[in-house]
Amino acid sequence: MDGRGLLAAAGVLIPDGQGRIMLVRVSYQAKHPIEIPGGGWEPPDASPRVTAVREIEEELGITPRLGPIACLDWSRDRFRPPIAAFLYWAEPLTPAELAGVRLEAEELSSYAFLTPEQVASALPPLLSRRVTACLRAPRAAGPLELEDGRPVGHSAEHLPADPPVPPYTAAEGVPLTGGDRPAPPPPMDRETYIASRPRIRAKARTLYTDRAGRVLLVRLRPLLRDEPPYWTVPGGSIEADRELPREAAARETLEELGWSHRPTGRLLALDWTAPGDGSRPVLVYLFDGGEVGPADLAAIRLPADELEEWRMFTPDEARTVLSPQGHRRLTAALATRGAPGGGPVELHDGFPA
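Residues numbered from 1 in each chain as written. Predicted model: local features only at pLDDT ≥ 70, side-chain atom pairs only at ≥ 80, totals over all residues. Heavy atoms only, no water.

Structurally, T51 can be placed in helix 1 (residues 48–60). For T51, a relative accessible area of 0% corresponds to the buried category. Residue contacts for T51: discarding those within four places in its chain leaves A10, G39, G40, W41, E42 and D45. (Helix = DSSP H or I, 4+ residues; strand = E, 2+ residues; numbered from the N terminus. Buried < 20%, exposed > 50% of the residue type's maximum accessible area, 1.4 Å probe, protein only. Contact = heavy atoms within 4.5 Å.)

Here you go:
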């Protein structure tokens, strides 16, 4: 298995006017039959936000009015690759939209709007933690940064580190609109399904600035003699099968700069990059490394086989050496850093989503 391969999925939190959330029941036999509407990313989808809309249109027959991203959860399981699980808020359904719900029979058999307490018990533990975190945290704290459904980074300031998970009931005794006909076997076994799913890659980068507001950039060693210089924010690929994004950011800082004492701070940006050349999309986590001083800069030790030099740039100077997308991402991250509280900005190819 590709150690950097990562699954991606997008779900939607659809509330009603009473503070309840829509859950759906799958139409086939499943260990966990109750889910949040949504599904897996597909290569034609330009972004997870597109995935969320497509899945609701396919599953429910309506087009959701998506709001902000609620969370991104890096979810692990020993039986599958990690999943970058996006959850989006949607506007409540109008009476006409609710009347227009048409369940995709091969996928879903019924749905219901449940209270937060019912939701917490109806969903399996990991998904329950993820959804409950979104329901408990103030909207201004979003998007939440989660690892296996548990808050990290700025999210830990708003939520308990490991809240108790209520007993798992799978919505037993809760009536679901649309009937409850006998469920056939799933269309394919778990191993076959996971093997069939497309993969993405992820990177962790860290933004360091000095007291004057200049940004630390590094220049990659070119693979070809006539290759133009390539500058970037320090960081690199996440080894998805063995580390979490924050762990990857710390490892890359140590490997590229020689710093072992720098904590990984607030998550500033999440950038979904679609290369357009048929290669895998890349999800970039951009963390805040804080302010560095002369002693830190003097201690930099670059890996000779990977990086050629480092330099401090003003944001305007950085525009001349970064790729257009890289500079858009940097600009968005600096703006997020300057805003108090809240989660990362959601970007697509460096543009605000």
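Another aspect to go through is the packing of aromatic side chains. Throughout the structure, instances matching the rule amount to eight aromatic pairs. Measuring from centroid to centroid gives 6.4 Å for F86 and Y88, while their planes differ by 5°, and the two rings are stacked. The residues F86 and Y88 share a single accessibility class, namely buried. Residues W231 and F313 carry aromatic rings whose centres are separated by 5.1 Å and whose planes lie at 75° to one another, so their mutual orientation is edge-to-face. Remark: F313 occurs in strand 16 (residues 307–313) and W231 occurs in strand 12 (residues 230–232); sequence separation between them is 82 residues. By the ring-pair criterion, three or more aromatic residues cluster together here, those being W41, F86, Y88 and W272. The side chain of R139 reaches across the aromatic face of W89, ending 3.6 Å from its centre. Taking the ring centre of F351 as reference, the NZ or CZ of R328 above it sits at 3.8 Å. (Phe/Tyr/Trp six-rings, centres within 6.5 Å; stacked < 30°, edge-to-face > 60°. Lys NZ or Arg CZ within 6 Å of the ring centre and 35° of its normal.)

Taking strand neighbours across the sheet as the criterion, the six strands line up as 4-1-6-5-8-9 in an open arrangement whose pairing is mixed. The open sheet has two edge strands with one neighbour each: strand 4 (38–40) and strand 9 (150–151). Inspection of the sheet shows strand 5 (residues 66–77) paired to strand 8 (residues 144–147) by four bridges, in the parallel sense. Looking at strand 8, one finds that C71 is bridged to L144. Taken strand by strand, helix 1 contacts strand 1 (7–13), strand 4, strand 5 and strand 6 (80–90), and its axis lies near 120° from that of strand 4. (Pairing = 2+ DSSP bridges. Axes fitted to C-alpha atoms, helices over the stretch in contact; angles between N-to-C directions.)

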